[in-house]
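Survey of secondary and tertiary structure
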Amino acid sequence: MDLFDILLNASFWAAAVRIASPLIFATLGELICERAGVLNLGIEGIMVAGAFAGWMTVYLGFGLWTGVLVAMLVGMAFGFLHAVLTVPFGLSQHVVGLGVTLLATATAYFAYRLSLPEVTSPPKIEPFQPLEIPLLAKLPLIGPAFFAQTALTYLAFALILAVWLLLYRTPLGLAIRAAGENPASVEAQGLSVTAIRMGAVIAGSGLMAVGGAFLTMSAFSSFFFEMVNGRGWICIALVVFGAWRPGKAALGALLFAAFDALQVRLQQTPMGAVVPYQLFLMVPYVLSILALILMSRRAEVPAALMMPFNKGER
Amino acid sequence: MTDRERDGAEVVLRLSGITKRFGALLANDAIGFDLRKGEVIALLGENGAGKTTLMNILFGHYTADEGTVEVFGQPLPPGHPRAALAAGVGMVHQHFTLADNLSVLDNVLLGTRPLFSASLGKAAARTRVNRLAQDFGLAVHPDARVGSLSVGERQRVEILKALYRDARILILDEPTAVLTPQETTALFATLKKAVALGLSIIFISHKLGEVMEISSRVLVLRHGKLVGEVETARTDRHRLAEMMVGAEIAAPKVADRAPGPALLTLKAVDTARRGNAPGLKGVDLDLRAGQIIGLAGVSGNGQSALAALIGGLESPVAGRMELDGGQNADWSPRAAIAAGIARIPEDRHRSGTVADFSLAENAILESYARQPMSRRGWMDWRAADMFARRIIDTYDVRCPGPSARIRLLSGGNMQKLILGRVLEAGPRIILANQPVRGLDIGAVTFVHNRLIAARDAGAAILLISEDLDEVTALSDVIHVIYEGQLSPGFARGTKTPAELGLWMAGQGFGGAHHAA
Amino acid sequence: MRLEPIANPTLARRIGLPAVALVLTVIAASLLALLAGANPFATLGLIVQGAAGSKFALLETLNRATPLIFTGLAAAVAFRARLWNIGAEAQLYAGAVVTVLLGTGALGLPAPLLLPLLALAAMLAGAAILLGPVLLKTRLGVDEVVTTLLFNFIMLLFVSYLLEGPMKDPMGMGWPKSAALIPEARLPRIVTGLRLHWGFALALLAALAVWVIQTRTTLGYEIRAVGLNAEAARFAGIPVNRVMVKTALLSGGLAALAGFSEVAGLKGNLTLDLSPGFGYAGIIVAMLALLNPLGVILSALFVAGVFVGADSMSRAAAVPTYIADILTATALLTMVLALRLTHARVRWR
């Protein structure tokens, strides 16, 4: 099997779309936060917490969508913590973000050990099943890739459009963008920068958690340690790569996922026998760094990103 | 206020007993006045007199410690710009509150519709903005990105924002500080149209001429107190000045003096753009010993590029910069300091001082790497302390001591420390970029006298200021900067402010290099 | 609500608020214990006992504190210059790899020569690892937070490759671990019979050295100026980018010493679980110490105590050991909030 065969294989594209889905959720979540002017480094931990919460809910016998909802609420709770500390109190977004990541990760691990003290191999749940869209799923290549996925994947792709509409077509989106460009402009037009930024961080964190939940509920069907494995940091790179635009960032996620799917398949080829597998596993991280370097020259970073706003400060 | 004879027009705004403290500072002390329909009140006062604080309270950015605001007879809930906007108060801030990366229309629309409504309603809004722009003479393209607009255009967007929200009361905070004399005239025309349509205006300024021209009534603030209120028709500039500072302002006296040799020469210098501002284009300039060169111009026309060049932050991309006839290959802030250039930065908070450093640590910011402040990489803090003490004594810096954090100092005292830091080295060239911006009269006089003394002692001085009065009062020769180009030098007294204003608006610049 | 700055906070404020933060952390621990069905007081008691209740416990805490002092110093130095080095984990492993590379027989020198050489080589390796991200930052403006974070993952995969490939111990029965260091490359114990190696003393020395650098040298002055106001520093002629690079070299070197000291002092060889997140914990250590190098020693002891104590406690009570991570993260967040409130009061409206 050479590169050409891989690229013409429908299962490769299906895998790419599947791998992209959690990244799309989390990238859109981070993008909303950053558009409002808040860098959310809690993303990695919030994804862990979301992965655990969704999985645990289903394991306890609730429905899959209840699991998604619980994951989102847990993410929003950590988002609230992040927002309170960084927005009204204006604490360093770096420190708080890393703190939230450590806290959320540790809380998830603690809760996992608490609920399943003895198990060595984590129990599985019945995950989301692929839904074939009639007719479309029969298309060659594109069919299995885009139209035979789970409901969560369809939701991820629908969210790209929804977030775009929100940001560019509604008064709320305008306020979010303005809060990230110049909070004083928001304040002077009678809106509360604090409320808008906090809302954006909380909502964005909810999306990140759903991205995490995708891993346990649609991809791996069980929860294990280190499963998020830097995906959150990769999403931050994807936001930069997408120049803070939902469409471009999602496209980046897809591209990135394609490379990830490719490296897994290349490991099965004769090349994989020669090149150590660790080198393949490095690909996502190296790509992320390359993406950052590539976009560094023309990054259109929100002007007030990481700048706290204190009302009435002299 | 009650004994005043007026034509009985409706009171649209009433402030009573407004008091505001910032820590120990009493920024507003029981201030009260009425604004009537269709009048323009000028709020006059020095920097730090409390004008902006008062208006920020009115608009809801700050909350007063005491006092009430009534708009159209209704009490205004404190601390909410939204309430002020809804009551018909609009404010044009001195530092524009615009998002540069958004369009004009987006900036106008922001916050005008319920946040959770489904659409922005852009089409209708565009029509309305265009009509308002026509009615009030505020030409600006609704779909232009704000970041691409000139300062004057941005101000128009700010006014449009207020008008779009049906403001009946317009507050303008130092609106002319960034305009050419001609743009100021256009602004005043807009304001007169607004008044004719029944709006009331509060005009904040410290420029007496403008106050005389636009207002019907003048309120004077000093040290947070309302110290005077007069009909504009019944007063003159002299009396206003006296009320404003408590004594008549003595214009700085600059004796004639023959200039010495050129210490720094620019020959057809180009520099790179700086953000939104243009770089220099073919600039020729001589800085001569014993001469003050004044640079006039509307802000954002290349002043920062020239300051960055001479200050060592930028190098020419074309042309030559010569110091004592030779070129400096490795141009940097350190090279500039070593060449004897004293640099007074434009923004003392951002680039002049490190707020959380002590006075001593700030005093040695430029000299820390040399003896006696350090030796082979080891700091000598006693030397730093002594140096700071010397500056504190010589330059009358009011502070608790050399180990106090500089954050605690007033702007004037901070500026004196910077002045001491750069002048103690005995510079041959002084780059004074907005040296008195935001200072009170006492500090202004102090800084100006120090600059004149340095000139008389033989230093070459480049004075960059947005205040045309300051430039004309101090400079031996004036250049106007426009879009990165430099006008010929005009000797003291050879051009009227109006003529300089035309140059500032770009007249006389051919686009090509002018003759040196 | 808004914040109003306090120019000169009272002593009560400066001591009281951090104390409140610690109390909140203890309350959080109690709640977690309750949640796990254990007695909160007993749990806390077991943690304290496990951290400092015996000679063995105390030595264990000191041993655990050693790498944390190094990584804490690495973070403290970098954060002072507003250089967000979150990659201490990668730098630690770089130091460990070099220690093993040169300490397993490649250099046949006596210990007094070999050990300093190994430490120096490890520092160079750690510095080199951080050089990439910092150059990307100063040259291209690429955010170093994300690049250093991503480097951690790349480095770990690289170490995994080394341990399964070129550096694999042929006598290791197939386990992914390196060969053992030669005896000359081992850091001796400070007191014979006590399980505490010279790495701890080296850590204290490093803290002192960093303190001297920060308060007494021009480099320290430059680092602080750049961190507090880079624009003013640049204007005044401080070579900001060069200071950033120097800071990065120092920071990366310090983090790498953690790897050197763990391998040469404690483990004697390199495995993939050499660091249970020392690099990340170093960030907490640095922040709790308010970036003060001498304070790093105390906060490293505190964090190490929490971890060692929680480990020992979880063996006795049914409270998962991850309580330690929650506690340190809580301490971090409450402490930064307490510091903010020391210098500002909350005004409603």
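Residues numbered from 1 in each chain as written. Chains lettered and ligands numbered in written order. Predicted model: local features only at pLDDT ≥ 70, side-chain atom pairs only at ≥ 80, totals over all residues.

**Examining the overall build of chain C**
Worth spelling out the cut-off: Secondary structure elements follow DSSP: runs of H or I no shorter than four residues count as helices, runs of E no shorter than two count as strands, and numbering proceeds from the N terminus. For this measure, only C-alpha atoms enter the radius of gyration; the expected value for a globule follows 2.2 Å times N^0.38, where N is the number of residues. Here exposure depends only on C-beta density: within 10 Å of a residue's C-beta, 20 or more other C-beta atoms make it buried, 12 or fewer make it exposed, and intermediate numbers make it partly exposed, the C-beta atoms being placed from the backbone. By definition, residues are in contact whenever their C-beta atoms, placed on the basis of the backbone, come within 7 Å of each other.
Check the secondary structure of chain C and you find 13 helices and 2 strands. What you see for chain C is a C-alpha radius of gyration of 21 Å, in line with the 20 Å of a compact globule of 349 residues. In terms of overall dimensions, chain C has C-alpha extents of about 70 × 60 × 35 Å along its principal axes. Per-residue burial over chain C gives 55% buried out of 349 residues. By sequence separation, contacts in chain C at least 24 residues apart represent 77% of the contacts at least 6 residues apart.

**Some points on the overall build of chain A**
Helix and strand counts for chain A stand at 14 helices and 2 strands. In summary, chain A has a C-alpha radius of gyration of 20 Å against a globular reference of 20 Å for 314 residues, a match within 12%. Taken along its principal axes, the extent of the C-alpha atoms in chain A is 65 × 50 × 40 Å. Of all 314 residues assigned to chain A, the portion counted as buried reaches 58%. Intrachain contacts of chain A at a sequence separation of at least 6 include 79% that bridge at least 24 residues.

**Topic: the nonpolar core**
For clarity, the threshold we go by: As used throughout, a nonpolar core is a set of buried Ala, Val, Leu, Ile, Met, Phe, Trp, Tyr and Cys residues joined through C-beta atoms within 7 Å of each other.
Residues Ala209(A), Val89(B), Ile171(B), Ile461(B), Leu73(C) and Leu257(C) are the most contacted members of the largest nonpolar core, which totals 397 residues. Leave out the neighbours within four places in its chain, and Ile461(B) touches Ile292(B), Ile293(B), Ile430(B), Ala432(B), Leu451(B), Ala454(B) and Arg455(B).

**Observations concerning the sheet that holds strand 9 (residues 217–222) of chain B**
Residue and element names in this part refer to chain B. Counted only if it meets this: The criterion for strand pairing is that DSSP finds at least two bridges linking the strands in question. Throughout, an axis means a line fitted to C-alpha atoms (over the contacting stretch in the case of helices), and angles, computed between N-to-C directions, take values from 0 to 180 degrees.
Across the sheet, 6 strands lie side by side as 6-7-8-3-9-10; this open sheet has mixed pairing. At either end of the open sheet lies a strand with only one pairing partner, and these are strand 6 (89–92) and strand 10 (225–231). On average, adjacent strands in this sheet sit at an angle of 20° to one another, irrespective of strand direction. Pairing of strand 3 (residues 40–45) with strand 8 (residues 200–205) involves 5 bridges; the strand directions are parallel. Directly across from leucine 43, in strand 8, lies its bridge partner isoleucine 204. Contacting strand 6 and strand 7 (169–173), helix 5 (residues 151–164) crosses the sheet at an angle of about 170° to strand 6.

**Remarks on helix 13 (residues 323–342) of chain C**
What counts here: Under the convention used throughout, the expected extent of a helix is 1.5 Å for every residue step, that is, one less than its residue count.
Across its 20 residues, helix 13 of chain C extends 28 Å between first and last C-alpha, which sits within 8% of the 28 Å expected from 1.5 Å per residue. Among the 20 residues in helix 13 of chain C, 15 count as buried, and that is most of the element.

**A closer look at the interface of chain C and chain A**
Stated formally: Any residue that is not Ala, Val, Leu, Ile, Met, Phe, Trp, Tyr, Cys, Pro, Asp, Glu, Lys or Arg is counted as polar, Gly included; the first ten are nonpolar and the last four charged.
Contacts between chain C and chain A engage 39 residues on the former and 40 residues on the latter. Secondary-structure elements contributing two or more residues to the side of chain C that touches chain A are strand 1 (2–5), helix 5 (111–140), helix 6 (144–164), helix 11 (278–288) and helix 13 of chain C. Residue contributions to the side of chain C that touches chain A peak at 11 residues, all from helix 6 of chain C. Class assignment for the residues of the side of chain C that touches chain A results in 31 nonpolar, 5 polar and 3 charged.

**Quick look at the confidence of the model for chain C**
Note the threshold: Every residue carries a pLDDT, the predictor's confidence in it, which falls somewhere between 0 and 100.
Mean pLDDT over chain C works out to 94, with 100% of the residues at or above the 70 mark. Reported confidence for the predicted complex is 0.93 by ipTM and 0.92 by pTM.

**So, the interface of chain A and chain B**
On the side of chain B, 27 residues touch chain A, which itself brings 21 residues to the contact. Sort the elements by how many residues they give to the side of chain A that touches chain B and helix 8 (residues 171–181) of chain A lands first, with 7 residues. Its residues assigned to classes, the side of chain A that touches chain B shows 10 nonpolar, 6 polar and 5 charged.

**Some details on the pairing of strand 14 (residues 318–323) of chain B**
Look at any regular strand and the pattern is simple: side chains alternate between the two faces of the sheet. All names here are of chain B. Across 5 bridges, the pairing between strand 11 (residues 262–270) and strand 14 is antiparallel. Bridging across to strand 14, threonine 265 finds its partner in glutamate 322. Pairing of strand 14 with strand 15 (residues 326–327), which is carried by 2 bridges, proceeds in the antiparallel orientation. In the strand pairing of strand 15, glutamate 322 is matched with glutamine 327. Between the antiparallel neighbours strand 14 and strand 15 lie 2 residues, among them aspartate 324 with a positive phi of about 50°.

**A few points about the sheet that holds strand 11 of chain B**
All names here are of chain B. Spatially, 12-11-14-15 is the arrangement adopted by the 4 strands of the open sheet, whose pairing is antiparallel. Across the chains shown, the open sheet's two edge strands, defined by having one partner strand only, are strand 12 (283–288) and strand 15. Relative to strand 12, strand 11 runs antiparallel, the two being bridged by 5 bridges. For valine 269, the partnering residue across the bridge sits in strand 12 and is valine 283.

**Notes on the packing of helix 2 (residues 40–52) of chain C against helix 12 (residues 293–316) of chain C**
All names here are of chain C. Selection criterion: Orientation categories follow fixed angle ranges, with anything under 35 degrees roughly parallel, anything over 145 roughly antiparallel, 65 to 115 roughly perpendicular, and all other angles oblique. The crossing is said to be left-handed when, going from far helix to near helix, the turn is anticlockwise and less than a right angle, and right-handed when the turn is clockwise.
Two numbers describe how helix 2 lies on helix 12: the axes approach to 7 Å, and their chain directions differ by 120°. Classified by the angle their axes make, helix 2 and helix 12 are oblique. Classified by chirality, the crossing of helix 12 by helix 2 is right-handed. Residues Thr43, Leu46, Ile47, Val48, Gly50, Ala51 and Ala52 of helix 2 pack against Gly305, Val306, Val308, Gly309, Ala310, Asp311, Ser312, Met313 and Ala316 of helix 12.

**As for the environment of Lys161(B)**
Residue and element names in this part refer to chain B. One can find lysine 161 in helix 5. For lysine 161, a count of 28 C-beta atoms within 10 Å corresponds to the buried category. Along the primary structure lysine 161 and glycine 147 are separated by 14 residues, whereas in three dimensions their C-alpha atoms are 16 Å apart.

**Points about the confidence of the model for chain A**
Chain-level statistics for chain A give a pLDDT mean of 92 and a share of 98% at 70 or above. For chain A, per-element mean pLDDT is lowest for helix 1 (residues 3–7) of chain A, which scores 79, and highest for helix 4 (residues 64–86) of chain A, which scores 98.

**Considerations on the pairing of strand 2 (residues 25–36) of chain B**
Direction of pairing for strand 1 (residues 11–22) of chain B relative to strand 2 of chain B: antiparallel, over a ladder of 8 bridges. By the bridge assignment for strand 2 of chain B, Leu13(B) is matched with Leu35(B).

**Quick look at helix 1 (residues 51–59) of chain B**
Judged by how many residues are buried, helix 1 of chain B sits mostly within the fold: 9 of 9 residues are covered. Within the span of helix 1 of chain B, buried status applies to Lys51(B), Thr52(B), Thr53(B), Leu54(B), Met55(B), Asn56(B), Ile57(B), Leu58(B) and Phe59(B).

**Observations concerning unusual backbone geometry**
Residue Gln371(B) is joined to Pro372(B) through a cis peptide bond whose omega torsion reads 5°. With respect to the secondary-structure elements, Pro372(B) resides in the loop between helix 12 (359–363) and strand 17 (374–375). Not every positive phi belongs to a glycine, and Met306(A) is a case in point at roughly 70°. Tracing the backbone through its elements, the reader meets Met306(A) in the segment after helix 14 (277–295). The class for Met306(A) is partly exposed, based on 15 C-beta atoms found within 10 Å. Even without a glycine there, the phi angle at Arg376(B) is positive, about 50°. Relative to the elements of secondary structure, Arg376(B) occurs in the loop between strand 17 and strand 18 (378–379). For Arg376(B), a count of 7 C-beta atoms within 10 Å translates into the label exposed.

**A word on the packing of helix 2 of chain C against helix 3 (residues 55–80) of chain C**
When two helices pack together, their arrangement is given by the angle between the helix axes and by the axis-to-axis distance. Residues and elements named next belong to chain C. In the contact formed by helix 2 and helix 3, the axes pass within 5 Å of each other and the chain directions differ by 80°. The orientation of helix 2 relative to helix 3 falls into the category roughly perpendicular. Where helix 2 abuts helix 3, its residues Gly50, Ala51 and Ala52 lie against Ala57, Leu58 and Thr61. Each residue belonging to the contact of helix 2 with helix 3 can be placed in one class, and the counts come to 4 nonpolar, 2 polar and no charged.

**Observations regarding the environment of Lys267(C)**
Residue and element names in this part refer to chain C. Residue placement: lysine 267 occurs in helix 10 (residues 240–267). As for lysine 267 and alanine 180, which are separated by 87 residues in sequence, their C-alpha atoms are 8.8 Å apart. Apart from residues lying up to four places away in sequence, lysine 267 is in contact with Glu262 and Leu274.

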